[in-house]
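Close look at the chain arrangement
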Amino acid sequence: MTIAFIVIGLFILVLINVPIAVALGLVAIVGMMISRGYDSVYNAALTMFDGATNFPLLAIPLFILAGALMNTTSISRRLISLTSALIGFVRGGLAMVNVGVSMFFAEISGSAVADVAALGSVLIPAMVRRRYTAKLAAAVTSSSASIAIIIPPSIAMIIYGALADASIVQLFVAGIVPGVLGGLAMMALCYWHAVRQDLPREEAFDLGRLWKAFKEAGWALMLPVIILGGIFGGIVTATEGAGLAVVAALFIGGVIYRELNWKHLRKAMIEGVMQTAVVMLLVATSAVLGLYLTEIQVPQNFARWVMDLTNNKYAVLALLNCGLFVIGMFLHGAAAIILVVPIVMPLINQIGIDPIQFGLIMTLNIAVGQQTPPVASVLVTSCSIAKTDIWETTKVNIPFILVLLGVLLLVTYVPAVSLTLVDIFYK
Amino acid sequence: MIKTLNRWFEWLLEVASIILLISLALVVVLAVIFRFSGSSLVWYDEVASVLLAWLTYYGAALAALKRGHLGFAGLFLALPRKIRSLAFVLAEFFVISFFLAIGWAGWYLLGVFGEETLISLPWVPLWFTQSVIPIGAALFIAAEILSLPDAWHKALVGTDYEKQEIEEAIEEARQSS
């Protein structure tokens, strides 16, 4: 009965376009007031405040700000030149450049839409000029942007880590191998398309051009090296690394590239504040819903219900993957993580699944969700740039979605893919 | 009149949020410097967490003013115009009621904290740090009301905020490339 109230309440509120953050809090407050009286509202207000003070989440505004600062400079053009000099000589090289740059750049600012817009507005018209179909250009841009969600630094992983009480640094490390595998598989798919459609090579490989492009993009490349090196090396925490990222982005954009001015800076900061607040309000109100769900023992009952069905770890993971796939089609990434993690974590712990591995499973499902309409902001952005129909593009995008699903299955059923590096460095 | 008020309110929220964001970044960077110099800041965790909460509430009001919070407009926009208008009024009622309840509870709690202070900074009273609950709720309600006329118009003609955001992001990216 209570579950029905929560589900129906949430559905109606979301249907009439109440922001998801408010819908979560409202359902929780009404439920708590019904079961425990009006005094619950004080508890809800306090829990909302506490939810917004979750220390590991401090990394979010700082990484978002660093990304927004880098977005305002010519980093995308420099990275495209470098990747083009590196792999542009292969048939279908421009599509591979798109994948390579996206792996580095996408999801950098916390706003997938802004990142895809930055890359897509340069690469999609260039691909169309080189005889790629607009649908293929949109599909490559969109799906390669989504694989970046598991390549550090990842806002989705920070949110998951904070909510699941899992090490954010270990999540970052766990994402490297699946991220690179996914990227390489997408490049292979681009090559297959290129051979089939007789798509051109870019220019011949030239060491001089590569060196020039490397020098131009060198500082931009130094940013992740310094920050991730610091975090993985145990010199700084993820939050401190995010703070250093802001300083480094200011230094590179303002002093080295001399492209940052007050207008850029102000825009980047407002962007950073808005993205952070949208995610953090969700975290804050979901803390109230989490409190209510725990009080009425929903996570525990959910775990018991699933365990009654099966206690086979892999069958449970298959069930969760199916559920997350459907949720990903209808919810934005951050909202899906915030809603799902508190409910499923008791089950994950009970059945003995490594929370780091499940973090990867969760974020990969988000990546797939970004590609599956009706709610697929990354795909919609790519299609808007390419001026293609979303459903027609989705047909071309299916092989790329299958790559994402392949990586998801690999991470789900071969834990070593995500956990080996973690075991080597941290256990 | 509403447009002028809207602009001033947006400016005020932007200034407050930017100050909070810069403070947060400075606190984190200072903490790193002090930790490496061998004298960690004892107040770092507590102050940074409070700043994050403040940033959340002030930034949330700014996002509300620009109608930037995550929703699911697809189903709403598919509703017939008359039902959509009714749904819009109901949604606004629910949003404002939620923040009225949170703001009222937050205001009441300020009195309950009495003489309590932060643990690492005993001269900072808890009522000061938690004042963001009623203030943030009031700011959210104000943002919701000030953006209401524009949102009402867009709801009636069926404008999708997400689509608008995507178009703006593409336009900006085109200009900068």
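Residues numbered from 1 in each chain as written. Chains lettered and ligands numbered in written order. Predicted model: local features only at pLDDT ≥ 70, side-chain atom pairs only at ≥ 80, totals over all residues. Heavy atoms only, no water.

Focus on the overall build of chain B
The test is simple: Here a strand is any run of E in DSSP of at least two residues, a helix any run of H or I of at least four, and the numbering for each starts at the N terminus. The quantity called the radius of gyration is restricted to C-alpha atoms. Its globule counterpart is 2.2 Å times the number of residues to the power 0.38. Burial classes follow relative accessibility: with a 1.4 Å probe on protein chains only, a residue under 20% of its type's maximum area counts as buried, one over 50% as exposed, and anything between as partly exposed. Values of accessible area rely on a 1.4 Å probe in the Shrake-Rupley scheme; residue burial ignores everything except the protein chains shown.
A count of helical and extended segments in chain B gives eight helices and zero strands. Ordered by position from N to C terminus, the α and β elements of chain B give α-α-α-α-α-α-α-α. At 20 Å, chain B has a C-alpha radius of gyration far larger than the 16 Å of a compact globule built from 177 residues. Seen through its principal axes, chain B has C-alpha atoms that stretch 60 × 50 × 30 Å. When each of the 177 residues of chain B is scored for burial, the buried share is 49%. Carbon and sulfur atoms make up 70% of the accessible area of chain B, which totals about 9100 Å².

Topic: the interface of chain A and chain B
We apply this condition: What makes two residues a contact is simply this: any of their non-hydrogen atoms within 4.5 Å. Note on terms: buried area is the combined drop in 1.4 Å-probe accessible area of two parts once they are placed together, counting the loss on both. By salt bridge we mean one thing: a side-chain nitrogen of Lys or Arg within 4 Å of a carboxyl oxygen of Asp or Glu. Contacts described as polar in this section are N or O atom pairs within 3.5 Å, which, within protein, must combine one atom able to donate a hydrogen with one able to accept it, while residues neighboring in sequence count only if both atoms come from side chains.
Chain A puts 65 residues into the contact, and the matching count from chain B is 64 residues. For the pair chain A and chain B, the summed buried surface comes to about 5800 Å²; carbon and sulfur atoms form 81% of the total. Summed over the shared surface of chain A and chain B, the result is two salt bridges. Taking the shortest distance from any N to any O, the salt bridge between Arg35(B) and Glu240(A) comes out at 2.5 Å. Counting across the chain A and chain B interface gives five residue pairs in polar contact (both at pLDDT 80 or more). Going through the elements one at a time, helix H1 (2-15), helix H2 (20-36), helix H3 (40-51), helix H4 (59-71), helix H7 (112-129), helix H12 (238-256), helix H13 (262-295) and helix H18 (377-386) of chain A are the ones with two or more residues in the side of chain A that touches chain B.

Quick word on the environment of Phe11(A)
By the secondary structure assignment, Phe11(A) is in helix H1. Taking the C-alpha atoms as reference points, Phe11(A) and Thr285(A), separated by 274 residues in sequence, lie 16 Å from one another.

A look at the state of the cysteines
Here is the rule we go by: Sulfur atoms of two cysteines make up a disulfide when they are within 2.5 Å.
Inspection of every chain in the model, using the stated rule, returns zero disulfides over all chains. Considering cysteine sulfurs only, Cys190(A) is the nearest to Cys383(A), which forms no disulfide, with 16 Å between them.

Here's the deal with a nonpolar patch on the surface
Residue and element names in this part refer to chain A. We count it as follows: For patch detection, residues must exceed 30% relative accessible area and be free of salt bridges, and they are connected within 9 Å for like charges or within 5 Å for nonpolar side chains (Val, Leu, Ile, Met, Phe, Trp, Tyr).
On the surface, Val177, Leu181, Tyr314, Leu409, Leu410, Tyr413 and Val414 cluster together to form a nonpolar patch covering roughly 540 Å² of accessible area. At three residues, helix H19 (residues 390-413) tops the list of elements feeding residues into the nonpolar patch. Position of Tyr314 among the secondary structure elements: in helix H15 (residues 313-330). A relative accessible area of 36% places Tyr314 in the partly exposed class.

Comments concerning the side chain of Asn6(B)
Residue and element names in this part refer to chain B. Considering the arrangement of structural elements, one finds Asn6 in helix H1 (residues 2-36). The class for Asn6 is buried, based on a relative accessible area of 19%. Those residues in contact with Asn6, other than ones at most four positions away along the chain, are Leu65, Leu146 and Ser147.

A word on the nonpolar core
Rules: For this analysis, a nonpolar core means a set of buried residues of the types Ala, Val, Leu, Ile, Met, Phe, Trp, Tyr and Cys, connected via side-chain atoms within 4.5 Å.
Formed by 220 residues in total, the largest nonpolar core has its most connected members in Phe63(A), Ile158(A), Tyr160(A), Phe358(A), Met362(A) and Phe99(B). Ranked by size, the runner-up nonpolar core spans five residues in total, among them Leu82(A), Leu210(A), Ala213(A) and Ala217(A).

Observations regarding the environment of Gln357(A)
All names here are of chain A. Structurally, Gln357 is set in helix H17 (residues 355-369). When the C-alpha atoms of Gln357 and Val417 are compared, they prove to be 9.2 Å apart, with 60 residues separating the residues in sequence. The residues touching Gln357, leaving out its near neighbours within four places in the chain, are Val411, Thr412, Pro415, Ser418 and Leu419.

Here we look at the side chain of Lys154(B)
Residues and elements named next belong to chain B. Considering the arrangement of structural elements, one finds Lys154 in helix H7 (residues 148-157). Judged by its relative accessible area of 15%, Lys154 falls in the buried class. Those residues within four positions of Lys154 in sequence are excluded, and the remaining contacts are Thr159, Tyr161 and Gln164.

Regarding the pattern of salt bridges
All names here are of chain B. One pass over the full model with this rule turns up 12 salt bridges over all chains. As a salt-bridge pair, Glu14 and Lys66 come within 3.4 Å of each other at their nearest N and O atoms. Taken as a pair, Glu14 in helix H1 and Lys66 in the loop between helix H2 (44-65) and helix H3 (73-78) lie far apart in primary sequence, 52 residues in all. Across the pair Asp150 and Lys154 runs a salt bridge whose closest N-O atoms are separated by 3.2 Å. Note that Asp150 and Lys154 are positioned in helix H7 at a spacing of four residues, about one turn of the helix. In this structure Asp150 comes out as partly exposed when scored by relative accessible area, which is 41%.

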